[in-house]
Amino acid sequence: MSSVAVLTQESFNEHRSGLVADSAGDEEAPAYKDAFPPLPEKAASPEGTQEPVNAWTSKIRPLKSSVITQVFHVPLEERKYKDINQFGEGDQAKVCVDIMHKTGAHLELSMAKDQGLSIMVSGKLDAVMKARKEIVSRLQTQASATVAIPKEHHRFVIGKNGEKLQELELKTATKIQIPRPDDPSNHIKISGTKEGLEKAKHEILLISAEQDKRAVERVNIDKVFHPFITGAYNKLVADMMQETGARINVPPPSVNKTEIVITGEKEQVALAVAMIKKIYEGKKNATTIAVEVKKSQHKYVIGPKGNTLQEILEKTGVSVEIPPPDSNSETVILRGEPDRLGQALTEVYAKANSYTVSSVVAPSWLHRFIIGKKGQNLAKITQQMPKVHIEFTEGEDKITLEGPTKDMQMVQSQMEAIVTDLVSRMDYMEISVDPRFHRHLIGKGGANINRIKDLHKVSVRIPPDNEKSHLIRIEGDPQGVQEASKELLELASRMENERTKDLIIEQRFHRAIIGQKGEKIKDVRDKFPEVIINFPDPAAKSDIVQLRGPRNEVEKCSKFMAKMVADMVENGFFLSVPIFKQFHKNIIGKGGANIKKIREETNTRIDLPAENSNSEMIVITGKKENCEAARIRILSIQKELANITEMEVSIPSKLHNSLIGSKGRFVRSIMEECGGVHIHFPTEGSGIDTVTIRGPAEEVEKAKKQLLSLAQDKQTKSHTAELKAKPEYHKFLIGKGGGNIRKVRDSTGARIIFPTLDDEDQELITVVGTEEAVREAQKELEELIKSLDNVVEDVMNVDPKHHRYFVARRGQVLRDIADEYGGVMVSFPRSGANSDKVTLKGAKDCVEAAKKRMLEIIEDLDAQVTMECVIPQKFHRSIMGPKGSRIQGITRDHNVQIKFPERVDGPGKGAPVDPTAPKKCDVIVLSGRKERCEAAVEALKALVPVTTEVEVPFELHRYIIGQKGSGIRKMMDEFEVNIQVPAPELQSDIISITGLANHLDRAKEGLLERVKELTAEQEDRSLRSFKLTITVDPKYHPKIIGRKGAKITNIRTEHDVNIQFPDKNDDNQDQITITGYEHKATAARDAIQAIVDELEEMISEDITLDARVHARIIGARGKGIRKIMDEFKVDLRFPQPGAADPNQVFVTGRPELVDEAIDHLLNLEEEYVSTLVEVVEGEFTPKYMSSSEDFPSFGAPVAATNKASPWGPKRF
């Protein structure tokens, strides 16, 4: 008897923990036939006979299942684990559990009488095959063998992407090792079971044998004979392949190879080679003639995609050889039979002369008028003669025409007629205007220039800022050109009269000048409308305010603003007034009335400390006398408050609004009459009756009498009634959208106030109005409440299938019905009661309304259908949209429910048994009314993204992606699509765009537009990369660079170039490199050369100046020396501390300027030395000269002495 073990993970764990007791002795083990009944015979039974029923067939259902079962046998001698005592546990059991985890298959082990192992594996086909491979490798001892096949056959064993090898290993349950391509060995190693080894060996030898039948032949034939082998339009080679069954690969004309490769069966290849050689033998002695054809006409002989050459070959059997495009040769060779060469030559000349190139003289400025708006003028010509190509070259005064000779004469005459007509009625003019005025000529949003264009019917080209050009070009009707140029020059002349002035105004005054919401500066601008006033950005911390406009107006505005600032400085006086904290609110007054009044009357600014601050100081800012007046006013308020009285009066809260009056009119009149007392009413809706009056005792009493008198008058004229109703009735009384209560208001004229959530009495309803209106409204409401108190019970039938809808989500639908219809109680039968009776209890009207609503819901539920929409799972996320926004919109718009399937990851998962049926993971379920579901399905399908491809040159991809992907993200966000750029290693030009169909066109246009921009940028970049060098003596480099790089920066900016000076370690220290547009680089070079020429003319002279006056000449922070250098255009160099001659000063510049500067310096020396002598004699040191800032150590210091120097900083 054999033992059986059904192994699962749970039972294995129980075995290990000892939880399962050994019951082999208590119960009899099942027989082998009971555990594993024999399988039914495969042979089909004759018709009409019934198959024998056994334990297997009795359980089989006539359904196709994706789960299969296979049994594997491991003989005793091949078992890896042979310990019989540990069957069902130990290492063997662990391996089986691990295999089940890895593959997802189910394993059952049993031991045969011969101690062999039987393993039954159940699961899906791929899982079973994987489990089989694992069983063989881990439970069965392994053998190995080698098989030798030709090296060139190895790749057929591996297959595409290794698929064939994987399939072979899975099929035979072996491991197959194929030597690497660089390994010369042809032996393939196989490891696995004996049975698997034999199978794998057989399969490999079968593949090799199949490849032995195939052959590859390479034939070298001169390139010039290839056209005879391929034939016209490749017809001959196609016929040979059809006849022989071999594949013939002839290299294309563009590839300079002579080798023709033939592959196929040996017999087929041999036949094809013979046919090719026969053609070659017949043509190798063919006659050739060479003719000269202009290089420009070669393309017409070749034809589009080489079709003309093929056409000549087909007609005459002659091959025409054209020299390559990069060759300067004009010789065309014809090769073929002698009697056909004449005809071929005629064809070549006919094709060469079939097209003509000519030109029409036309000024370049007329080109765009010839083309017309959107090319409409040219379209008329090209539609008639579509084969003629018209080319305009920018900057050239000609138009190139190319096309068939027969059409050229007509096109040329038409173009010449257009040019003659335009020249006779068009003119142009160029005017010079300073570039700084260009943007003012254009105007805001192009307003000025567009007006001139429309008025004079002309075209005006103003150069862009980066060109730095003065020329403005005007084109159009001669009279219009004259008038437009005149107007533009007048505008420019007016602007030249403009002046820009910088006012120094401390930044702290800027906000005060601008005023609240810009009111004050608006007044200034209104006063000086022609002056533009620009304030600096607050973050810039600048004091410069810029004025620009006509000279006289700028001066007037400058004086006006200077006076404003002077007034502000005068008004900058401030003082602090201590006021008790409890009186601050009284000083402010209600709504800031008191403080506002003091500010306006005294023309001061009053700042109070924050409420949470402990400070009692109130700060007053303004003119001194105004500040004093405001202080007196504030102190008087505090003084009055020291003797105030506070009284409380009880007035019904319902009268408060009428006592306050419209915008506080009534209460304000009482306060004014009673000497400025303060009357405080409680917050509206608080229900408090107490009104507080604060002020002098006699005035408070007077105000109290007036308030009570007014309240009594209001009470006699206004009536209020109160009635109570349960809070749940309030919604029904109000009605949907306030409809019910509006009817009562309209019919009676009374106002009905329902309690708010904050009110204590939630049942109280207040009616306010005239006595009669209140009485009628109260009567109507009482009747409604009475009818609601009349509780009735009603029963309706609801199909049990709908019960779940009403009670789902903790009865949310029922709660909504109760809230809307006066608290109606709806009771459904208990689950499982199988009853359709539903009870409604509440006010009669409410029950009827609730019943009607429930019937409407049931009608909707009965009309509901379920519909499926099949959309591949990969599109679901896109359809849902961000945070499900798109699907929520469809649900809301079409009033349907949409359910998406669970996501299934991995190929093959979720696949149906029937291959024709859709996958579950692709099916979206919709429920609702049929017509709504259908509309929703259409809406869903419209959201399925589609993909289109756009060809974009590979070298532009990185620019389209942008820095860190910013460019492509911007496009994807803008067009709401996904743009896929191929990986760099693919070198592909195709970019994929995926998104909604209505977004794709816009995205494609946007991408192509971006490509155009990038192409233009590339061209511009190429033009800007022009380089030239200039040789300049290194001693002049600092002068060319200028102070803080000012000169070189000016040259760079003016000419829009990059100028690079040599580094310290460079070999060529005299080379300056200029990069930019060619003409601009040349202009920059000329500018640098001009500076060098000027420097070469300069001289340097040294003079002796008393070292004691150096500091005076240099001035505070070098201001004095800079002024001299700027005035005389020279360079001054004072001696360094410790110099051999402390009095020696060098002056460098043009000869005449150096002389003038030396005279000036000597005069200054004489003046300062005389002053120095006077001061020394008077033993007086000016106080203002004591600061070291007045004498920075630019020159040599005066030798230290015990006595302080009369001039210069003090020495201690």
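Quick caveat, the model's predicted, so the values are computed rather than measured.

(A) Representation of the overall build of the chain within the structure. Secondary structure assignment for the chain yields 45 helices and 46 strands. Every one of the 1212 residues in the chain was classed for burial, and the buried ones make up 35%. Contacts in the chain between residues far apart in sequence, at least 24 positions, make up 68% of those at least 6 positions apart. When the accessible surface of the chain is totalled, it reaches about 75600 Å², and 50% of it is carbon and sulfur.

(B) Molecular detail of the packing of helix α18 (residues 447-456) against helix α19 (residues 478-496). One can describe the packing of α18 onto α19 by two numbers: an axis separation of 9 Å at closest approach and a directional angle of 155°. Between α18 and α19, the angle falls in the class roughly antiparallel. The hand of the α18/α19 crossing is right-handed. Note on element contacts: α19 touches α18 through Gly480, Glu483, Ala484, Glu487, Leu488 and Leu491, opposite Ile449, Arg451, Ile452, Leu455 and His456.

(C) Broad picture of the sheet that holds strand β13 (residues 331-336). Across the sheet, which stays open at both edges, the three strands sit in the order β11-β13-β12 with antiparallel pairing between neighbours. Bordering the open sheet on either side are β11 (287-292) and β12 (319-321), each of which pairs with just one other strand. When the angles between neighbouring strand axes are averaged without regard to direction, this sheet yields 20°. Across three bridges, the pairing between β12 and β13 is antiparallel. Bridged to serine 319 within β13 is arginine 335.

(D) Broad picture of the sheet that holds strand β6 (residues 175-177). Read from one edge of the open sheet, three strands run β5-β7-β6, paired in antiparallel fashion. Two strands in the sheet have a free side with no partner beyond their single neighbour: β5 (143-148) and β6. Strand-to-strand twist in this sheet, taken as the mean axis angle between neighbours without regard to direction, amounts to 20°. Here β6 runs beside strand β7 (residues 187-192); their pairing, made up of three bridges, is antiparallel. Residue pairing across strands places glutamine 177 opposite lysine 189, the latter belonging to β7.

(E) Fine view of the packing of aromatic side chains. Inspection of every chain in the model, using the stated rule, returns three aromatic pairs. Consider the rings of phenylalanine 225 and tyrosine 280, whose centres lie 5.3 Å apart with planes at 80°: the pair is edge-to-face. Of the two residues, phenylalanine 225 sits in the loop between β8 (214-220) and α8 (226-230) while tyrosine 280 sits in helix α10 (residues 266-283), which places them 55 residues apart along the sequence. With relative accessibility at 22%, the residue tyrosine 280 sits in the partly exposed group. In this structure, arginine 335 is placed above the aromatic ring of phenylalanine 225, and the distance from its NZ or CZ to the ring centre is 5.5 Å. The lysine or arginine in question, arginine 1021, covers the ring of tyrosine 959, its NZ or CZ lying 5.4 Å from the ring centre.

(F) Region of interest: a positive patch on the surface. A surface patch of positive charge is lined by Arg1043, Lys1044, Lys1119 and Arg1122. Tracing the backbone shows arginine 1043 in the loop between α40 (1037-1041) and α41 (1046-1055). Note on arginine 1043: relative accessible area 59%, which makes it exposed.

(G) Main features of the environment of asparagine 256. Relative to the elements of secondary structure, asparagine 256 occurs in the loop between β9 (247-249) and β10 (259-265). We classify asparagine 256 as exposed; its relative accessible area is 74%. Spatially, the C-alpha atom of asparagine 256 lies 7.6 Å from that of lysine 223, the residues being 33 residues apart in sequence.

(H) Expanded view of the side chain of serine 319. For serine 319, the location among the structural elements is in strand β12. What makes serine 319 buried here is its relative accessible area of 4%. Sequence-distant contacts of serine 319, that is, excluding residues within four places in its chain, are made with Val224, Pro227, Phe228, Leu313, Ile333, Leu334 and Arg335.

(I) Quick peek at helix α44 (residues 1119-1128). Ile1121, Ile1124, Met1125 and Phe1128 are the residues of α44 that are buried. Across the axial projection of α44, the buried residues extend over an arc of 95°, all falling on one side. Counted as exposed and oriented over 90 degrees from the buried face of α44: Lys1119, Lys1123, Asp1126 and Glu1127. Lysine 1129, located one to two residues past α44, shows a positive phi value of around 55°.

(J) Broad picture of the nonpolar core. In terms of nonpolar packing, the biggest core is built from 21 residues, with Phe806, Val824, Val826, Phe828, Leu840 and Met854 touching the most fellow members. Once residues lying within four places of it in the same chain are set aside, the contact partners of methionine 854 are Met796, Phe806, Ile817, Val826, Phe828, Val838 and Leu840. Residues Met1125, Val1147, Val1154 and Leu1164 belong to the second largest nonpolar core, which totals 20 residues.

(K) Spotlight on a negative patch on the surface. A surface patch of like charges, here negative, comprises Glu1101, Asp1102, Asp1141, Asp1155, Glu1156 and Asp1159. Where the negative patch is concerned, the elements lending two or more residues are β44 (1099-1104) and α45 (1151-1178). Note that aspartate 1159 resides in helix α45. By relative accessible area, aspartate 1159 is classed as partly exposed at 46%.

(L) Seen up close, the pattern of salt bridges. By the definition in use, this model includes 31 salt bridges. With a closest N to O distance of 3.5 Å, glutamate 203 and lysine 171 form a salt bridge. Pair noted here: glutamate 203 is in helix α7 (residues 194-212) and lysine 171 is in helix α6 (residues 163-172), with a separation of 32 residues, a long-range link. The partner of glutamate 347 in a salt bridge is lysine 315, and the shortest N-O contact between them spans 3.7 Å. One end of the pair, glutamate 347, is in helix α13 (residues 338-352); the other, lysine 315, is in helix α12 (residues 307-316), with 32 residues separating them in the sequence. On the basis of relative accessibility, which here comes to 18%, the residue glutamate 347 falls in the buried class. One salt-bridge network, in which partners are shared between bridges, spans Glu311, Lys315 and Glu347.

(M) Just the confidence of the model for the chain, in detail. Across the chain, the average pLDDT comes to 78, with 86% of residues at 70 or higher. Every residue in residues 1-29 is under pLDDT 50, and counting partners more than four places away or in other chains gives 42 contacts. Contacts of residues 41-62 to residues separated by more than four positions or lying in other chains number 12 contacts, the stretch itself having pLDDT below 50.

Analysis parameters
- Residues numbered from 1 in each chain as written.
- Predicted model: local features only at pLDDT ≥ 70, side-chain atom pairs only at ≥ 80, totals over all residues.
- Heavy atoms only, no water.
- Helix = DSSP H or I, 4+ residues; strand = E, 2+ residues; numbered from the N terminus.
- Buried < 20%, exposed > 50% of the residue type's maximum accessible area, 1.4 Å probe, protein only.
- Contact = heavy atoms within 4.5 Å.
- Areas by Shrake-Rupley, 256 points an atom, 1.4 Å probe, with all protein chains shown as cover.
- Axes fitted to C-alpha atoms, helices over the stretch in contact; angles between N-to-C directions.
- Parallel < 35°, antiparallel > 145°, perpendicular 65-115°, else oblique.
- Left-handed = near helix turned anticlockwise from the far one by under 90°.
- Pairing = 2+ DSSP bridges.
- Phe/Tyr/Trp six-rings, centres within 6.5 Å; stacked < 30°, edge-to-face > 60°.
- Lys NZ or Arg CZ within 6 Å of the ring centre and 35° of its normal.
- Patch = residues over 30% accessible without salt bridge, like charges linked within 9 Å, V, L, I, M, F, W, Y side chains within 5 Å.
- Salt bridge = Lys/Arg side-chain N within 4 Å of Asp/Glu carboxyl O.
- Lys, Arg positive; Asp, Glu negative; His and termini not counted.
- Charge placed at Lys NZ, Arg CZ, Asp CG, Glu CD.
- Arc of directions from axis to C-beta.
- Core = buried A, V, L, I, M, F, W, Y, C linked by side-chain atoms within 4.5 Å.
- pLDDT = per-residue confidence, 0-100.

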